[in-house]
Amino acid sequence: MPLAAERQALAGEKDTFMNPDRTELEWTYDPPDLFEVPYRHSDTEVELVFDGGKALATLKTPTTSVSADLEERVKMLVESILLVRQLQVHRT
Amino acid sequence: MALGGQADVVARDAAGNILHDSRAERIARDVDLLDAVSPKLACSTVLRRLFESYSRSVANPTDEFVYLYEVRDRLSAHYGGEQAARNALQITKNDWQRLGLLANVEPLVQGRHRGKHSRGQRVATRAELEDARRLVCEWIIAFARIV
């Protein structure tokens, strides 16, 4: 299942001296109609929404600098959800 | 114009209240499984590998049974043998052997030993494909529930 590791710029960043209001990471997946309705998933670190070919992760603790470890954990969760969904619908 | 799959069914009483909504029920079941299983893939390498094998079976339809059989192999290796795997996941001998038959014995284009069947080779029927997919899905989900 193609998952383009396309991390979006940090959203909500005010300037380099202030904390951001929100930090979002975004990936794309295909096919865009993989989920019948938008799917939301939450854990201690992130709120995820899968909708229309876009997986949007909003960090629960906004930051201007996302560590590689955190980004990898979120990406793994995104990939895991796509793998489970693929099992449900049997689609590439 | 093409109609896809089965129709969703909504049953209502005389007042219009919904008694049964197959789409809503399917979505709720799907969400329950996504919520319960997805986080476990980060904690269990075996579980992740099972899902990856299934994913490769979807992405490579001409090798579908090769990758579906990988799931059986991985479960067997994880539990230390067929009997232990079947006991742990409550898989019947018939079901276990059914996948073996499709992947190894039937002269199928998607099978693991297609080279042995240069004559009389055939494409798996829809029923055979659905059977193999259903079995492997059930086994993966059974493993995911107890891991």
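Below, the structure is looked at part by part. Being a predicted model, the structure only gives us computed values, none of them experimental. (Residues numbered from 1 in each chain as written. Chains lettered and ligands numbered in written order. Predicted model: local features only at pLDDT ≥ 70, side-chain atom pairs only at ≥ 80, totals over all residues.)

## Details of the packing of helix 3 (residues 64-79) of chain B against helix 6 (residues 126-146) of chain B
All names here are of chain B. Going by this rule: Note on definitions: angles span 0 to 180 degrees between N-to-C directions of axes, and those axes are lines fitted to C-alpha atoms, for helices only across the stretch in contact. Strands are runs of DSSP state E lasting at least two residues, helices are runs of H or I lasting at least four, and both sets are numbered from the N terminus onward. Oblique is the label for any angle not under 35 degrees, not over 145, and not in the 65 to 115 range, which are roughly parallel, roughly antiparallel and roughly perpendicular in turn. Note: crossing handedness is left-handed where the near helix turns anticlockwise from the far helix by less than a right angle, and right-handed where it turns clockwise. A pair of residues counts as a contact when their C-beta atoms, built from backbone coordinates, are within 7 Å of each other. Following the grouping adopted for this structure description, the nonpolar residues are Ala, Val, Leu, Ile, Met, Phe, Trp, Tyr, Cys and Pro, the charged ones are Asp, Glu, Lys and Arg, and the polar ones are all others, Gly among them.
Close contact between helix 3 and helix 6 brings their axes to 10 Å; oriented N to C, the two are set at 30 degrees. One element, helix 3, and the other, helix 6, form an angle in the roughly parallel class. Two packed elements cross with a definite hand, and for helix 3 against helix 6 that hand is left-handed. Between helix 3 and helix 6, the contacting residues are Glu 64, Phe 65, Leu 68, Val 71 and Leu 75 on the first element and Leu 129, Ala 132, Val 136, Trp 139, Ile 140 and Phe 143 on the second. Per-class residue counts for the contact of helix 3 with helix 6 are 10 nonpolar, no polar and 1 charged.

## Concerning the nonpolar core
How we decide: Nonpolar core, as used here: buried Ala, Val, Leu, Ile, Met, Phe, Trp, Tyr and Cys residues forming one set through C-beta atoms within 7 Å. Between the buried cut of 20 or more and the exposed cut of 12 or fewer other C-beta atoms within 10 Å of a residue's own C-beta lies the partly exposed class, and all C-beta atoms are placed from the backbone.
Ranked by internal contacts, the top residues of the largest apolar core, which has 46 residues, are Val 78 of chain A together with Phe 51, Leu 68, Leu 99, Val 136 and Ile 140 of chain B. If sequence neighbours within four positions are ignored, Phe 51 of chain B has contacts with Leu 83, Val 84 and Leu 87 of chain A together with Leu 41 and Ile 140 of chain B.

## Topic: unusual backbone geometry
Omega for the bond connecting Asp 30 of chain A with Pro 31 of chain A falls within 30 degrees of zero, at 5 degrees, which places this linkage in the cis form. Here Pro 31 of chain A shows up in the loop between strand 2 (24-29) and strand 3 (39-42).

## Examining the packing of helix 3 of chain B against helix 4 (residues 82-89) of chain B
Residues and elements named next belong to chain B. At a minimum axis separation of 7 Å, helix 3 and helix 4 run at an interaxial angle of 95 degrees. Comparing the axis directions of helix 3 and helix 4 gives the class roughly perpendicular. Only Glu 82, Ala 84, Ala 85, Ala 88 and Leu 89 of helix 4 make contact with helix 3, whose side of the interface consists of Leu 75, Ser 76 and Tyr 79. Grouping the amino acids of the contact of helix 3 with helix 4 by side-chain chemistry returns 6 nonpolar, 1 polar and 1 charged.

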